[in-house]
Every structure is written in structure tokens, then in C-alpha cells.
Amino acid sequence: MKILEHNSAPHPSPGRVAILDVSELLRPEAEFASKPVGHYRDYSTDEDDPIKKRVHQTYTEMHTYQTVDFVRGKHERWLKFNTFKATIFEALVRLNELVDESDPDVDIPNIVHAFQTAERIRQDYPNDDWFQLTGLIHDLGKVMVFYGEPQWAVVGDTFPVGCSWGPSIVYRHTSFEHNKDAKNPLYNSKYGIYSPNCGLDNIMMSWGHDEYLYQVLVHNKTTLPKQALHMIRYHSFYPWHTGGDYQHLCGSDDEQMKNWVKRFNKYDLYTKGSEIPDIEELMPYYQSLVDKYIPGVLEW
């Protein structure tokens, strides 16, 4: 594959899948990072830096328009699964045309990031093919961009709607001022429309690629284990798994699942770099994993 040049629901049964020892998920930060780990996710603003300017604009639009009504509308629009039909790899190839406007660490097509993530997981966990496949497909929900969604409704960090915004949200103190939910007292209290410790599965998140892909996989009856689905559903929920916000909404199972999400995010974040995998050479191996866990044509 030629990489584009660029200038700027209940969980299904996990089946008979070998599950990693959770103690293995708590190792130190990634030794494979291509730059100091503190230099990732730099959201400082600089109008003279085109990438930082792009990122700030994307989050400003996201935080202005992601409201309870907006998210409900997207559920109605997308969770009928009648937009298009495609195999996993047909969807994945589309990411060769997408550069994530919310990401300050990369300016290359998203398909490269998919294979970077998967290959590093494969190197560290050669016997856990479901984990490798999760790394490959985790951003596939971004195909919504090719069916009319603006990037601010697809990419970037996610957060709950219907309650007060957590303090660790990117640009929290400057980008929500025009969000109409800020004027609704039902939506801007600590618990908002939720009850204490109701569990993340009962929270309505801002609309994006995480929730969409999770729902697509459940709808199409994937046999990926629930740990994989949780990684996919919450990998962009940085205010929770990294910022420590929203613990008051978490249920009894969420803390254990957070360990899986944090382990996945080590690979999602720190594999971003200039090393480009040989995608054409790798495709047959990953096609075999798709055939095992998510075969055939899916309804999207």
C-alpha cells in the first residue's frame, strides 16, 4: 500500500480466549517511546504552530457543540448501522486518507498509526492475537469522517455529557463557554443526569470514534473479549483513565477495566513516531486475525 503524503449494549461473550494476567499490565512507562514521554500530548497553544493551531480549533468546536442533544442525535443517526457495509480491512484502508486534526503528536495518515500500535503490541505480546488486533482496529470508528461527520465529532479525547465537565479535560477552562449545556442546571452539576457509581456503561459519552466502533463490533457479534471492547470504547477517555476525573460515576468493575485501558494506551500513545511499518507485508497476518475475530462484511 502506498501511504499518502501529507503536508501539514451488552458485551458479547469472550469465548475461549486466553486473557492476559492483569499484573502484566502495570509495568513502567513505554521504553519504546520515540521522544521523552512528557513531550507527548502537548496542548499548549501557539498560533504560529500550524499543528497546535489545528488541534486547538478542533477541540474548541468539539467542546462547543458536543451536548446531550447532539449525542442523542448521533446515536439515532449512527446506531441503526445502515450507513454502509464493509469488511474491517475495507474500512481500515480508508484511514490512509485521514490525518487526525486533534492529535498534536502525528501528522501522518491514521493507517500508519494503526499498524504502529498493533506491531508494538505484537512484539511485546506475541501470543495474544486479540490484543494485537485491538491495536490495529482501535481507531476504525474514524471512518465516520468519510460519511459526513466533521472531525470534531469523531476524533479527540472523550468526556461524559449530561454532567459537569472534569477539570482535566483538554482546554477545559476556555473552550466550553459557548456550549449550551452550560446553561442547563440539569446538566452541569457533579452527577447531572446520572446517579453515584452508576458505572461507565451507563454514561453517555461525547460522540466519537470510540463509542461508534464499540457499538459496531457488538452489533456485528465480534468474538473479541470484553477487555478488548473496553479498550476500544474508552481509550480516548483521558479525563478518566489518566486525569483521575469521574471516579464518582464509576462502578465496581470500572477500576479493573481501567488497568486494561491504561495498558492499551501505552501502545496507542507512545508508538507514534517516524518509523513506518511495511503495511502491505503485514496485511496477510492481520487479515488472519480479522477472519478469526471479526470476519466477513460488517454493517456500519
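Quantities reported herein were computed from a predicted structural model and do not represent experimental measurements.

The next point concerns the overall build of the protein. Within the protein, the secondary structure is distributed over 11 helices and 2 strands. Ordered by position in the sequence, the α and β elements of the protein form the string α-α-β-α-α-α-α-α-α-α-α-α-β. A burial count over the protein gives 55% of its 300 residues as buried. Working note: accessible area of the protein is about 13,100 Å², and carbon and sulfur atoms make up 50% of it.

In this section: the packing of helix 5 (residues 129–137) against helix 8 (residues 226–234). Axis separation between helix 5 and helix 8 bottoms out at 10 Å; the angle between their running directions is 20°. Here helix 5 lies roughly parallel to helix 8, going by the angle between them. Crossing of helix 5 over helix 8 shows right-handed handedness. The residues of helix 8 that touch helix 5, namely those facing Trp-130, Phe-131, Thr-134 and Ile-137, are Gln-227, Ala-228, Met-231 and Ile-232. Split into classes, the residues belonging to the contact of helix 5 with helix 8 amount to 6 nonpolar, 2 polar and no charged.

Put plainly, two cysteines are in a disulfide when a covalent bond ties their sulfur atoms together. Taken as a whole, this structure holds 0 disulfides when the rule is applied. Cysteine Cys-163 shares no disulfide, and the gap to the nearest cysteine sulfur, in Cys-198, comes to 8.8 Å. Of all cysteine sulfurs in the structure, the one in Cys-198 sits closest to Cys-250, which takes part in no disulfide; the separation is 8.7 Å. Exposure remark for Cys-250: the relative accessible area of 6% places this residue in the buried category.

For the rest of this paragraph, the subject is helix 8. Burial of helix 8 is extensive: 8 of the 9 residues sit out of reach of the surface. Taken together, the buried positions of helix 8 are occupied by Gln-227, Ala-228, Leu-229, His-230, Met-231, Ile-232, Arg-233 and Tyr-234.

Right, let's get into the packing of aromatic side chains. Inspection of every chain in the model, using the stated rule, returns 21 aromatic pairs. Between the aromatic rings of Phe-115 and Tyr-286, the centroid separation amounts to 5.8 Å while the plane-to-plane angle is 90°, which identifies the pairing as edge-to-face. You can see Phe-115 sitting in helix 4 (residues 110–124) and its partner Tyr-286 sitting in helix 11 (residues 279–293), a full 171 residues away along the chain. Across the pair, Tyr-286 and Phe-115 agree in class, each one buried. Between Phe-159 and Phe-176, the aromatic rings sit 5.5 Å apart at their centres with planes inclined by 85°, giving edge-to-face as the arrangement. Separated by 17 residues along the polypeptide, Phe-159 in the loop between helix 5 and helix 6 (172–175) and Phe-176 in the loop between helix 6 and helix 7 (209–219) bring together distant segments of the chain.

Attention shifts here to the UniProt feature "binding site: Fe cation" (unreviewed entry) in the protein. Cross-referencing UniProt, the feature "binding site: Fe cation" (unreviewed entry) maps to His-113, His-138, Asp-139, His-209, His-235 and Asp-268 in the present numbering. In this fold, His-113 is placed in helix 4. On the basis of relative accessible area, His-113 is assigned to the buried category, the value being 5%. The contacts of His-113, once residues within four sequence positions are left out, are His-138, Asp-139, Asp-268, Thr-271 and Lys-272.

Here we come to the pattern of salt bridges. Applying the stated criterion across every chain yields a total of 12 salt bridges. Lys-292 is the salt-bridge partner of Asp-129, the closest N and O atoms lying 2.8 Å from each other. Here Asp-129, found in helix 5, pairs with Lys-292, found in helix 11; they are 163 residues apart in sequence, far enough to count as distant. Each of the salt bridges in this network shares a partner with another, and the network as a whole consists of Asp-100, Asp-139 and Lys-142.

What follows is about the nonpolar core. In this structure, Phe-115, Leu-136, Ile-137 and Trp-300 are the most contacted members of the largest nonpolar core, which totals 84 residues. Among the elements that take part in this core, helix 11 stands out by supplying 7 residues, more than any other. When residues no more than four places from it in sequence are discounted, the contact partners of Leu-136 are Phe-89, Leu-92, Ala-114, Phe-115, Ala-118 and Tyr-286.

For the rest of this paragraph, the subject is the environment of Lys-80. Structurally, Lys-80 can be placed in the loop between helix 2 (68–78) and strand 1 (85–86). The class of Lys-80 is partly exposed, set by a relative accessible area of 49%. When the C-alpha atoms of Lys-80 and Glu-299 are compared, they prove to be 9.1 Å apart, with 219 residues separating the residues in sequence. A distance of 3.2 Å separates a polar atom in the side chain of Lys-80 from a polar atom in the side chain of Glu-76.

In the contact formed by helix 7 and helix 8, the axes pass within 6 Å of each other and the chain directions differ by 150°. By the angle class used here, helix 7 and helix 8 are roughly antiparallel. Seen from helix 7, the contacting residues are Asp-210, Glu-211, Leu-213, Tyr-214, Gln-215, Leu-217 and Val-218; seen from helix 8, they are Leu-229, Ile-232, Arg-233 and Tyr-234. Split by residue class, the contact of helix 7 with helix 8 holds 7 nonpolar, 1 polar and 3 charged.

Procedures and definitions
- Numbering of residues starts from 1 in every chain and runs along the sequence as written.
- Residue-level local features of this predicted model are given only where pLDDT is at least 70; pairs of side-chain atoms are given and counted only at 80 or more, and the full residue set underlies all totals for whole chains, interfaces and linings.
- To obtain the side-chain values, all non-hydrogen atoms of the structure were used and water was disregarded.
- Put simply, DSSP H or I for four residues or longer makes a helix, DSSP E for two residues or longer makes a strand, and each gets a number counted from the N terminus.
- When accessible area is computed with a 1.4 Å probe and restricted to protein chains, residues below 20% of their type maximum are described as buried, those above 50% as exposed, and intermediate ones as partly exposed.
- Here the open area of atoms and residues is found with the Shrake-Rupley method and a 1.4 Å probe, where only the protein chains shown may cover a residue.
- In this description, a line fitted to the C-alpha atoms serves as the axis of each element, helices being fitted only across the stretch in contact, and the angle between N-to-C directions of two axes falls anywhere from 0 to 180 degrees.
- By the definition adopted for this analysis, an angle is roughly parallel if under 35 degrees, roughly antiparallel if over 145, roughly perpendicular if from 65 to 115, and oblique otherwise.
- Left-handed describes a crossing whose near helix is turned anticlockwise from the far helix through less than a right angle; right-handed describes the clockwise counterpart.
- Throughout, a contact is declared for two residues whenever any of their heavy atoms are within 4.5 Å.
- Only Asp, Glu, Lys and Arg are considered charged, only Ala, Val, Leu, Ile, Met, Phe, Trp, Tyr, Cys and Pro nonpolar, and every remaining residue, Gly among them, polar.
- Any two cysteine sulfur atoms lying within 2.5 Å of each other are counted as a disulfide.
- What counts as a ring pair is set by centres within 6.5 Å for rings of Phe, Tyr and Trp (its six-membered ring), and what kind of pair is set by the plane angle: stacked under 30 degrees, edge-to-face over 60, tilted for all other angles.
- UniProt positions are given in the numbering used here, feature names are shortened, and annotations may be inferred rather than shown by experiment.
- The term salt bridge refers to a side-chain nitrogen of Lys or Arg lying within 4 Å of a carboxyl oxygen of Asp or Glu.
- Definition of nonpolar core: a set of buried residues of the types Ala, Val, Leu, Ile, Met, Phe, Trp, Tyr and Cys, connected through side-chain atoms within 4.5 Å.
- Whenever a nitrogen or oxygen atom comes within 3.5 Å of another N or O atom, the pair is scored as a polar contact, on the condition that within protein one atom can donate a hydrogen and the other can accept it, and that pairs from neighbouring residues in sequence are kept only if both atoms are in side chains.

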